[in-house]
Amino acid sequence: MAQLKIVLFVCNWGPHAAFQTLQDAGASIPPEVRMIRIPCTGRMSKSLLFRAFEMGADGVALVGCEPGACRYGSGTEVAERNVEDMRGILDLLGLGGDRLRQAMFLPEESDALLAFLQDFCKVIETIGKSPVIPAIQEEPVAADKDALAVLLTRHDILACQDCGKCSSACPVTLAGKPFSPRMLAGAVIAGDAGSESTRNNVWSCLTCGLCYDRCPSAVDFPGFIRDMRSVLKAAGVSGCEAHEGFFQSCMRTMTSPTLAVRKWRWLPEDIRLDPNGKRLFWGGCAPYFDMYFKAHLGIQTRDILVDSLRLLNFFDIFPALLDGERCCGHDLLWSGDRKNFLKLARLNVDAIERQGIEEVITACPECYRALSHDYPEQGIAVPFKVTHIFDLVDAEISKGAVGFDRLDRHLTFQDPCRLSRLEGRPDLPRKLLDRLNADGFTEMQDRGVSALCCGNCAWVGCDSFTKSLQVKRLRQAKATGGDLLVTACPKCQIHLRCAMEDPFIAHEIQMETMDLTSIVARTIRWE
């Protein structure tokens, strides 16, 4: 077996003094250990911890100070939360939470530190090498004029009439950011694709599709941005990915073929499934979202998956699950990493085909978009039907004998961009909203194809301007007089809930949120 790689992050204060004592004494520090000195364990975010695994580490140890000895006050407590969350994510991925360990030592505890390292190495040796295959770093390839000309033609950018309707509707522009779809299109047409301004604008776009909806020439600006990001990333120019690129890092890790993802081990026992069924329920990344954000937002987006399955069971549909289900890859493609998106897409389609699946059902609009549109458009054949759960549920309800319990709430609705605008189906969730037995339903000022984005797509674009956009959207929700904000995308719930954490205006914009699938599942009944 190849030598193990164990990364040791050591706090610059007490633990590093203990480690230096071991080095000075010529102690038998395991050769597998590679020490990296850090200012404080609290500075090691979940993204940085996971990046070590993405780069091929078999184990990671985070060694810091005792809580009362931390020079930065709360560093140790922050590290404990990050390690706990990361261990849960590693378990979901099938890597195993035991590959990550935290410990605390004083300067004089060098012997205890050595014993810890030796024991941790034995644990990792028992677990074995990581199945993660680190991505090969390729040499940047500058975009040439011919490649850009292809993109301009493919997305009808040359049809731009310079009318400015895109910029007058763009939520990012209206939030005050120096960004304009029209000016970006003009800059690329003029051969200014390499300027700093153009590069920044490519990564500022939310790809929400409002500009495409308003454009009289039907210029496909979201698709153009997606492909421009791929060109820039290949040239070594990356954008500002939210949460230090954690979710993109997680998705790249999932491209390792032998990774045994354990996606569904947490499901309640009362869910009825058919492992040999021809219908598959595709869950998406909600379990990872909940694990990552639980200490900050306390979200429960994986409830959407449970409620989706219960809703299917209600109609006597017992779906199969893909035990090793990976991410659909939507965020990789839309943040410019087409190469790894294609790897994930092929792995997913192959796994679904091997299971003999004829129809894939999903409640996530981004998964729906990726499986039904992005895969075929990017050259990955999809030999199965892709159905959004709203379509299925609406068809089942239309057969009759179904009613809904009283819901004593006044509702308003946040449209998901991928379903209402890019898919062009704002009516679909509203069919279900109209069937509910609620106190009332009031639309927000901007709704349907004109709805404001939640402020982030593909984990790109989180800044003060998108926060302003989220606050604007929440004020619109509050203005309806409703007391329940209904969403239909886990990310909409996450980003709007995040904005509600604002310490200065939280009392003005706080609002309970719930996914439409969950509301339907919890109130539906047979008549």
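Just so you know, these numbers come straight off a predicted model, no measurement behind them.

Q: Explain the overall build of the protein chain here, please?
A: A count of helices and strands for the protein chain gives 24 helices and 13 strands. Expected size for 527 residues packed as a compact globule is a radius of gyration near 24 Å; at 25 Å, the protein chain falls within 12% of this value. Projected onto the principal axes, the alpha-carbon positions of the protein chain cover approximately 75 × 60 × 50 Å. Buried positions account for 58% of the 527 residues belonging to the protein chain. Considering only residue pairs separated by 6 or more positions, the protein chain has 81% of its internal contacts joining residues 24 or more positions apart. When the accessible area of the protein chain is evaluated, it comes to approximately 21,400 Å², of which 50% is carbon and sulfur surface. A distance of 2 Å separates the average location of the 60 positive side-chain charges in the protein chain from that of its 67 negative side-chain charges.

Q: What is the right way to read the packing of helix α8 (residues 181–189) against helix α11 (residues 221–234) from this model?
A: Each pair of packed helices can be summarised by the angle the axes make with each other and by the distance between the axes. Interhelical geometry of α8 versus α11 gives an angle of 55° and a closest axis separation of 12 Å. It follows that α8 is oblique to α11 by the angle criterion. Judged by the sense of rotation from one axis to the other, the crossing of α8 with α11 is left-handed. Taking contact as the criterion, the partners of P181, L184, A185 and V188 in α8 are, on α11, F221, F224, I225 and M228.

Q: Any chance you could explain unusual backbone geometry here in plain terms?
A: Most of the time, phi is negative for any residue but glycine, and the peptide bond is trans. Backbone geometry places T207, a non-glycine residue, at a positive phi of 50°. Inspection of the secondary structure puts T207 in the loop between α9 (196–204) and α10 (210–214). A positive phi angle, close to 55°, is found at W459, a residue other than glycine. Turning to its location among the elements, W459 is positioned in the loop between β10 (437–441) and α21 (464–479).

Q: Can you help me understand the pattern of salt bridges in this one?
A: Where charged atoms from two side chains of opposite charge approach closely, those side chains can pair. Under the defined criterion, the tally for this structure stands at 38 salt bridges. The closest approach of N and O atoms between K294 and E84, which form a salt bridge, is 3.5 Å. Residue K294 is found in the loop between α13 (286–293) and α14 (302–314), and its partner E84 is found in helix α3 (residues 75–93); the two are separated by 210 residues along the sequence. Of the residues examined, E84 reaches a relative accessible area of 48% and is grouped as partly exposed. Here D323 ties to R265 by a salt bridge, and the two come within 3.8 Å at their closest N and O atoms.

Q: When you look at the domain arrangement of the protein chain in this model, what are you seeing that I'm missing?
A: Interfaces are frequently sized by the accessible area removed from exposure as the parts join. Each assigned domain of the protein chain is listed here: domain 1 (6–127), domain 2 (145–234), domain 3 (257–394) and domain 4 (402–526). A C-alpha centroid distance of 34 Å is found between domain 1 and domain 3. Contact with domain 1, which involves twelve residues of that partner, is made by twelve residues of domain 3. In total, about 1,100 Å² of surface goes out of reach between domain 1 and domain 3, with carbon and sulfur atoms giving 63% of it. Counting across the domain 1 and domain 3 interface gives four residue pairs in polar contact (both at pLDDT 80 or more). When grouped by side-chain class, the residues that make up the side of domain 1 that touches domain 3 number four nonpolar, three polar and five charged.

Q: Before we go on, may I ask you to explain helix α1 (residues 14–24) in this structure?
A: Those residues of α1 not exposed but buried are G14, P15, H16, A18, F19 and L22. For α1, the elements touching its buried residues are β1 (6–11), β2 (33–38), β3 (59–64) and α4 (110–127).

Q: Hey, could you run me through the packing of helix α12 (residues 246–253) against α13 in this one?
A: Contact pair α12 / α13: the axes reach a minimum separation of 12 Å and the direction vectors enclose 135°. In terms of axis orientation, α12 runs oblique to α13. In the crossing of α12 with α13, the sense of the turn from one axis to the other is right-handed. Facing F246, F247 and C250 of α12, the residues of α13 in contact are Y288, F289, Y292 and F293. When grouped by side-chain class, the residues that make up the contact of α12 with α13 number seven nonpolar, no polar and no charged.

Q: Explanation requested: the sheet that holds strand β4 (residues 100–104) in the structure shown.
A: Sheets are built from strands that pair by backbone hydrogen bonding, the pairs being arranged parallel or antiparallel. Within the open sheet, the four strands sit side by side as β2-β1-β3-β4. Their pairing is parallel. Two strands bound the open sheet, and with one partner strand each, they are β2 and β4. Across the sheet, the mean angle separating the axes of adjacent strands is 20° when strand polarity is ignored. Relative to β4, β3 runs parallel, the two sharing five bridges. Bridge pairing links V60 to L100 in β4. Of the strands in this sheet, β1, β3 and β4 touch helix α2 (residues 46–54), which is tilted by about 145° from β3. Against the sheet, α3 makes contact with β3 and β4, and its axis sits at roughly 160° relative to β4, the strand it touches most.

Basis of the calculations
- Residues numbered from 1 in each chain as written.
- Predicted model: local features only at pLDDT ≥ 70, side-chain atom pairs only at ≥ 80, totals over all residues.
- Heavy atoms only, no water.
- Helix = DSSP H or I, 4+ residues; strand = E, 2+ residues; numbered from the N terminus.
- Rg over C-alpha atoms; globule rule 2.2 N^0.38 Å.
- Buried < 20%, exposed > 50% of the residue type's maximum accessible area, 1.4 Å probe, protein only.
- Contact = heavy atoms within 4.5 Å.
- Areas by Shrake-Rupley, 256 points an atom, 1.4 Å probe, with all protein chains shown as cover.
- Lys, Arg positive; Asp, Glu negative; His and termini not counted.
- Charge placed at Lys NZ, Arg CZ, Asp CG, Glu CD.
- Axes fitted to C-alpha atoms, helices over the stretch in contact; angles between N-to-C directions.
- Parallel < 35°, antiparallel > 145°, perpendicular 65-115°, else oblique.
- Left-handed = near helix turned anticlockwise from the far one by under 90°.
- Salt bridge = Lys/Arg side-chain N within 4 Å of Asp/Glu carboxyl O.
- Domains from an automatic or database assignment.
- Buried area = accessible area lost by both parts, 1.4 Å probe.
- Polar contact = N/O pair within 3.5 Å; in protein donor to acceptor, adjacent residues only side chain to side chain.
- Nonpolar A, V, L, I, M, F, W, Y, C, P; charged D, E, K, R; others polar.
- Pairing = 2+ DSSP bridges.

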